[in-house]
Each structure stands twice: as C-alpha cells, then as structure tokens.
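Fold and contact review
These are the residues of each chain, in order.
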Amino acid sequence: MWQGFPIRPDQASTIARGVDHLYYFLTAVDLFFTAFIFLAVFYFAVRYRRRSEQDQATQVEGSLPLEVLWTIIPLGICAFTFLWGSSLFIRNSRPPEAASEIFVVGKQWMWKLQHPEGPMEINELHVPVGRPIKLTTTSEDVIHNFYVPAFRVQKDVVPGMYTSIWFQATETGRFHFFCNQYCGTNHAVMGGYVIVMSPDEYEQWLSGGVRAESMVSAGAQLYEQLACITCHGTGKGPPFTNLFGSKVKLTDGTTVTADETYIRECILYPSVRIPAGYQPIMPTYKGQVTEEQILQLLAYIKSLSSGGANQPGKPNSYPPSLEGGAHGGGNRNVGGQQSPATVPAPRGTGAGEQGKP
Amino acid sequence: MATAVVEPEIGSRVHYLNASYGIKSWLLTTDHKRIAVLYLASITFFFFVGGSAAVLMRLNLISPQGALLEPETYNKLFSMHGIIMVFLFMIPSIPAVLGNFLVPLMIGARDLAFPRLNLLSWYVFVVGGCFTLYAVIAGGVDTGWTFYTPLSTTYANTNVISAALGVFIAGFSSILTGLNFIVTIHKMRAPGLTWFRLPLFIWAIYSTSVIQILGTPVLAITIVLVALERLIHVGVFDPAVGGDPILFQHLFWFYSHPAVYIMILPSMGVMSELVTAFSKKRIFGYSFIAFSSVAIAAISFLVWGHHMFVAGQSVYAGIVFSALSFAVAIPSAIKVFNWTATLYKGSVSYQAPMLYAIGFIGLFTMGGLTGLFLATLAVDAHVHGTYFVVGHFHYIMVGGAVMGYLGGIHYWWPKITGRLYPDGWARLSAAIIFIGFNLTFFPQYMLGYLGMPRRYAVYAPEFQVLNVMSSAGASILGVGYLIPLVYMVWSMRYGPVAGPNPWGAKGLEWQTPSPPPTENFEETPIVTEGAYAYGEEAKVA
C-alpha cells in the first residue's frame, strides 16, 4: 500500500490477509458494477439524447432472456461471496485448541485485562507473537465491544454473559484496540494498544514488574475465603474435580454443559439450574464477588479438570505446547523457560501435565 | 398558511390551493393534497434540524481531538441526527408528501379512502415531532437512535423517554398512512385500472405500506418496554435479574431493518416514473420491477440479524441471516438493470429530475453493493460498527432515497404548485449535491476499513486526512441542499405557469390541471392503456 495513503490496516494476524482478499474481491465487484451501470446510463443518455421536439423513442417492452441473465449473474456472485464469507467466518470463529486465555472485563470507560499468570493490565494488552490467544470477555455495565482492526476481529462485550474472540498475531508492534459499541460519554476514548512482543520479551514482561498472583491461585484462595469448600468439599455440593466442560444432569432431567456461563450462573443465581441429586441449599454470591473474582474462580475450577493446554497458572502452560499443532515455526522453548513457579499446584490433579494429547 | 397572491391565469381558476383561504382551512383540511403540503413543510423543517446536527458533527471531526464539541454534546448530536433524520424525515418523506399527493391522482380517485384519518396522521406526526423537539431542547438524548440496552434503560441520564415517546407517537402516523394507502389502492382505482396497469410508483407505495403496517407496531412495543424498564425497572433487558440485553436488539432490528426499506422503496418508485418520463419510454420489465418491490418488502423482514453478527448471536444464526441478506439484494439489482435498459433507444432529456434519477442509479448501485460487504460474515466481522457502515447507509439513504425524493419533488412541483422552477439552478444544485455527497461519504468507506469506529467524538490521529475530506464534502453538500430552498420558494410566486403537463408525461396525474382542483378530476377517468404508454406502438397491457 502507498506509504502515505493506506487503504487497509496492518495485516497483523493470521486471518487478516484472508479477510482482506475477500474485501478486495468485493471492492472489485462493487467498482465494476458501479462503473458498468454508470457508463451504460451515461452512454444511453448521450447516444439517445433528445435532439428535437419530434424525436421519437423506440418502445422496447422487455426481454425475458435479459431478465434471466441479470438475475442469474447477481445470484451467482452473491452465492459465491456468501459461501466464501461464511466458511472464512466459521474458520475464524473457532479458537485453536492450544489458545491461551486472557480475560477481559469492560466497564464505562476502561478495560481490565487479566493474564492467567497474574498480571492485570488497564487499557493495554501485552501478548506474544505467533501464539493463539483467546479473549474471554464480559462487561460490568453496558454493552461494549473489543475491536482490534489490525487483527480483523471484534466482538460485543455483553453484561451477564461471556463472549470471546481469538487471534494469533503475526507481527510484533503496537496495534490499536477500540471500544466499538457506543457505550456513553467516553466511548471514543475507551481504547488502548495491543502490544505484541517476541516470546522472550513477553516472558520478560510477565516476570518483570509487580509479581501478581496467578488467576488460579487467586481463585483457589477465594474458594476457601468464600467458604465454597464447606459444601463443595464435603459432598453437600457437587465437587469441582473434572467439572469444567462436563455434562451435568439437572434436577428437571435436562442436561447442561458446565461451561463458564453455567458456572457463573450457579455462583450468582444458584437456584435456577440445580444438579440432580443435590438440595437447593446454595446461597447466592451476588453482590459479594466482582466479575474479576468470578473469572478467577472459573480459572481455578478449570484447572481442576484434566487435560487441556489452556490451563492458566500451570507451570508448563506457557508457552502452550506446539507438538502436533499446525502453527509451524515460532519459538519452541524446549525444556527452556517456564513461568516462575510461584503458583501452588492445583488441587486434585497431578502437576506437570504437558498439554493436550 | 396565509393567502397567496397568484398570477391571474392560476388565480382565475379554482384549484385546491385557492379553494378556501385561512389557517383553519389548512389545519382542518381533509384534502390529501393540502395534507401533503403540510407534511412537506414539516419534514423540510425536520430535515434542516437534523442536517444542522450533521454540520456540527462534521465540523467537530475536522480535528482528532474534536474541534468544536465536548464528547457529551457530540454524542447528543449524533443521536438527534439519527432520530430526526430516520423517524421525522426519511420514513415519512416520500409516502407522506409525494404519496399523499399523488396516490389518488395516479389512480383516478377523488381522495384517499380515509381523508380524516389522513389529517389525523399528520397531527400525530406533528405531536411526535414536538416530543422529540422537546427532548432536544431539554438537553438532548445520547443513546444513539438505536437505544441499545442496558445503556438506554439503566445507565443513560439524558432524555431517553421523551425522545422515545416522540418516536412511538410518530410511528402511529406511519401506520395510519400505510393503512390508508393500502385500502385506497385496493378499492378506489378508476375503471379499467387493473393492477398491472398501475404506475410502478403505486406498486412501491403499496409494498412500503405493508411494511409500515406490519413492522411499526413492533417498534412501538419495544419502545414501551424500554420506557417501562427505565421507569419501573421491569428488568426485561437487565441481566442482573435474568433479562437479556440482546433481546432488545432483536426486537429493535426486527422493525428497523424493514424500516430502511420503507425509506428506499418509495424512492425506487419515483425512479420508475422519472426514467420513463425523461426518456419518453415505457418501462423495461414492468412486472419484474413490480414484483421486486413486493419481494423486497417480504424478504426485508427476514434479515434483521445481520446487524448482530458480532453481538453474541450464534454463528449459525449469522449464516442464515447472511444468506437472506444476499437474497434481498437481488430484486434491487434487477430494478437497477431495468431502469438502465429503459433508457435504451429512448429520447432522453436532462432536466433536473432526470439528473437526480441518474445520480440515484449510480449512487444506489455503489451503496447497495457495499451492503454485500456487510452481508459477508467474514468482512462484517471487521467493519461492523465502523465508518464503513456509516458510508454504506448514507449512500443508500442520501445518495439513493433523498436524491429520489428531490427528483420527485422537482418532477411533481409543477403539479403541486402550478409553477415551474428555474431549471438551470435546479441542475446546478443537483450537481453540487452529487459532488458534495461523494466527497463526504466515499472517504468513510476507507475510514471504516482502516478501523475507525463510528460514533466517535474524537479519533486516532491517523484518520484525520479522510475526516477532513469528509467534512469538506459536507460543507458542499449543505450548500447544495440550501439552494433549492431558495428557488423553490421563489418559484411559488414568480415561476412561470406550468400548465397541466409541462413534461409531456403519461400518467393520470398529468391529465388534470396544475394545480389540480380539490376533487382532482372533473369526471372519473376511464383507463384504457397500461402505464407509461409512450409511443404509437403502445400496447394495451
């Protein structure tokens, strides 16, 4: 692109080029048909201009073959574009298994971004290049939207639920992120930068600065402080080992998957969907836990499930294992750097599991 | 409306403008033509109020830090610009002005089916407009015209309820007008005027009226829910009590997507009238254009989810809405090809209405095709919520619908007033509008793809050049819109007398004097030919 006059943002993620190609195709179609119609209109208007009062038009009623032609061709172009766009979208919506998860809470008018290893950032997101990153987001108040133009991704950030996007950065650098759903007075300044670093630099960044607690360990502490253990560790409530992602049978006979949404609902509205075989005795924690604390509890509960590369806080969880992955090149810290082991081993499972089989 | 001094030739004949004098004869009229003129005055007023908001917004955006306004003020301005332009200008414009004036004339009727209901529609519109103006004067509303929850229900501290109430009330005007047109078109066509002899403008108005009747009640209920939530905290949209903020989006867009077709279909109807009259030709593909209006109206109710591809909607819902959104584009494409083909072997002249029509065809094609970008899931995932969307809908609504409206106003002005406006000035304005429009909105496509979000009072500095271009264009566009105000008003007193058919056009409205008598026709016409029966080989449809 010309130096001074860009027509697209940086292509800084694995999906950016694919999106741009589809965009160029659509631009070509648009410009072609606009030009075609405009030139046709212009040509007819000049060629058949009225030269005198007596000028007669030649009446042409219509033409079925032409109608069919200019129905089929647009239909074909639309079908082709639809299929290309949908398949790209489906592919772009699915985070790779090995994605590490970062938790984002938006509120008027700032972003809090929580790394599983502990650091929390405000309006800035440091990530390593070449690694798939999944952002799980929620809002504390109104609907926001986390948008990184250079990565070609965005998603509304909605109160009361979790939404997520993923990306894998392909270049280091600083890239804007913006709030992209109007959210009130300071909507336009509710943004910041994604700072993509080499894995070594990222590791350094993680270990520098104030050493914060990992999310898993914070969640583990909350588990005790909030007295969850008194029921969930004694059989009065379902145990958390291998809970996350499993299918839970409810008292009404239906089955639900124990994902982030269900577990959050149990913490805040425990009487809505009760697992079969348990009494409706869980008190609500609404008003006693912040969204960040819920995310920490989720991180802890997730760590109690076996398998899964995106387990925050486990000593070997960063960098995520690339064995068998299709991500090509990149740094492999074989036997090399690990996060400083300040995290306690999560309960219930053996430490040292090495990513997904 | 005060008594007007008229030229002797017009004054010596009794017509709808001079049949009675005095303000009561206007404010209590049931004549569809006078009601159309009342609407013309009201919506022109709202157009300039909404337009002033846009001028201030574009001035502010000259600088990345905001050249003129505090963010809070800017947010109120873009909200008011949207609310006023959508609900108080675009949605009524062609149906309430041109539709009211022309539907009975085009079908050979004396008036609409329910003349007093028609007057009520105007009053309802004015009351709705007053509530909205009150909201402006009382400090504005800053939720955007889309009122997303829970911002509008829980967190906004501006005049949400009065603005929403204004929209709620004005919506009934839309419903009643639609009802009136549907009944009129079914029951009051002159003898011999079968459905497939109707002017395509009538087909367009009919399809629009169906959307108005079916869709607007959903908006009304949605607004009631927002007001209830705000007043007594019902909680339908509040996740803290089990409500769903995204439900609002489904309800809102279920109306507001068909609403955009309320805004464009009548303009497409005007197009069919203009290209035939100014090329002296029958329309190419009459039934294809007629059925495409109906198809657009039907499919328009099925695509609302394309506003929500990144809202937290499922990927599968996205796929369905994407496919349907592509489908709704096809009938519009068919129309564009048919209008273009109508010019072939015609006898084409370039008065102002035709310049607006040609502008429409080009700008609507470009803007409509950018809709395909937004229907494409993978691209929308990048440009949703950016200036790309703003560029897209302004190309359709301003480059399309408003150009069609202005073309129609210029075309039927002699019929409405009995006078001709100066065509030189009219063509100059059309050219200024075309140039100003493109300079304003084409850079916005580029800003959008580069990642500039919409509704931003301040922005990242790298977006400045394109913003300055857009603001420069807006100043030109503003001049283009002001000039007609001057020469149209001038023409009402000083313009040459038009006569019944200054364009030599086909259509029942041209068979009666300009301005028409109150009862429209001396005797009910009997129709023996199809629409646009130009040329000696004109076949009877």
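The structure contained in this document is the topic of the report that follows. Nothing here was measured: the structure is a model prediction, and the numbers come from that model.

A few words now on the interface of chain B and chain A. Contact residues are listed per partner, giving 96 residues for chain B and 85 residues for chain A. The largest per-residue losses of area from chain B upon contact with chain A belong to F284, F337 and Y449 of chain B, which jointly make up 10% of the total buried on that side. The interface formed by chain B and chain A contains 0 salt bridges. Counting every contact that joins chain B to chain A gives 25 residue pairs in polar contact (both at pLDDT 80 or more). Put simply, the parts of the chain that give the side of chain B that touches chain A at least two residues each are helix 4 (71–107), helix 6 (151–155), helix 9 (245–277), helix 11 (315–343), helix 12 (352–375), helix 13 (377–383) and helix 15 (423–450) of chain B. Here the element with the most residues in the side of chain B that touches chain A is helix 11 of chain B; it accounts for 15 residues. Residue classes in the side of chain B that touches chain A are distributed as 58 nonpolar, 25 polar and 13 charged.

Moving on, we come to the side chain of S63 of chain B. Locating S63 of chain B in the fold gives a position in the loop between helix 3 (32–60) and helix 4. Here S63 of chain B is in contact with Y459 and Q464 of chain B, once residues within four sequence places are set aside.

With 30 residues, helix 2 (residues 64–93) of chain A extends 42 Å from end C-alpha to end C-alpha; this agrees with the ideal 44 Å at 1.5 Å per step. Along helix 2 of chain A, the positions that sit buried rather than exposed are E67, W70, P74, C78, T81, F82, G85, S86, L88, F89 and N92 of chain A. Summarising the contacts, the buried residues of helix 2 of chain A are in contact with helix 1 (16–47) and strand 8 (163–168) of chain A together with helix 10 (286–299), helix 11, helix 12 and helix 13 of chain B.

A few words on the sheet that holds strand 1 (residues 100–107) of chain A. Residue and element names in this part refer to chain A. Here 5 strands make up an open sheet; going across it, the order is 3-2-1-5-8 and the pairing mixed. Each having just a single partner strand, strand 3 (120–122) and strand 8 make up the two edges of the open sheet. Pairwise comparison of adjacent strand axes, ignoring direction, gives a mean angle of 25° for this sheet. In this structure, strand 1 lies alongside strand 2 (residues 110–114), joined through 5 bridges in antiparallel fashion. Directly across from G106, in strand 2, lies its bridge partner W111. Of the strands in this sheet, strand 1, strand 2 and strand 5 (132–139) touch helix 7 (residues 291–303), which is tilted by about 165° from strand 1.

Turning our attention to the sheet that holds strand 6 (residues 144–148) of chain A. All names here are of chain A. Across the sheet, 5 strands lie side by side as 4-10-9-6-7; this open sheet has mixed pairing. Looking along the sheet, the strands with just one partner apiece sit at the ends: strand 4 (124–128) and strand 7 (153–157). Taken over all neighbouring pairs, the strand axes of this sheet differ in orientation by 20° on average, direction set aside. Strand direction decides the pairing type here: strand 6 and strand 9 (residues 173–179), joined by 2 bridges, are antiparallel. The partner of Y147 across the bridge, within strand 9, is F178. Each of strand 4 and strand 10 (192–197) touches helix 3 (residues 199–207); the most contacted strand, strand 4, lies at about 130° to it.

Reading the values: rules and limits
Residues numbered from 1 in each chain as written. Chains lettered and ligands numbered in written order. Predicted model: local features only at pLDDT ≥ 70, side-chain atom pairs only at ≥ 80, totals over all residues. Heavy atoms only, no water. Contact = heavy atoms within 4.5 Å. Buried area = accessible area lost by both parts, 1.4 Å probe. Salt bridge = Lys/Arg side-chain N within 4 Å of Asp/Glu carboxyl O. Polar contact = N/O pair within 3.5 Å; in protein donor to acceptor, adjacent residues only side chain to side chain. Helix = DSSP H or I, 4+ residues; strand = E, 2+ residues; numbered from the N terminus. Nonpolar A, V, L, I, M, F, W, Y, C, P; charged D, E, K, R; others polar. Expected span 1.5 Å × (residues − 1). Buried < 20%, exposed > 50% of the residue type's maximum accessible area, 1.4 Å probe, protein only. Pairing = 2+ DSSP bridges. Axes fitted to C-alpha atoms, helices over the stretch in contact; angles between N-to-C directions.

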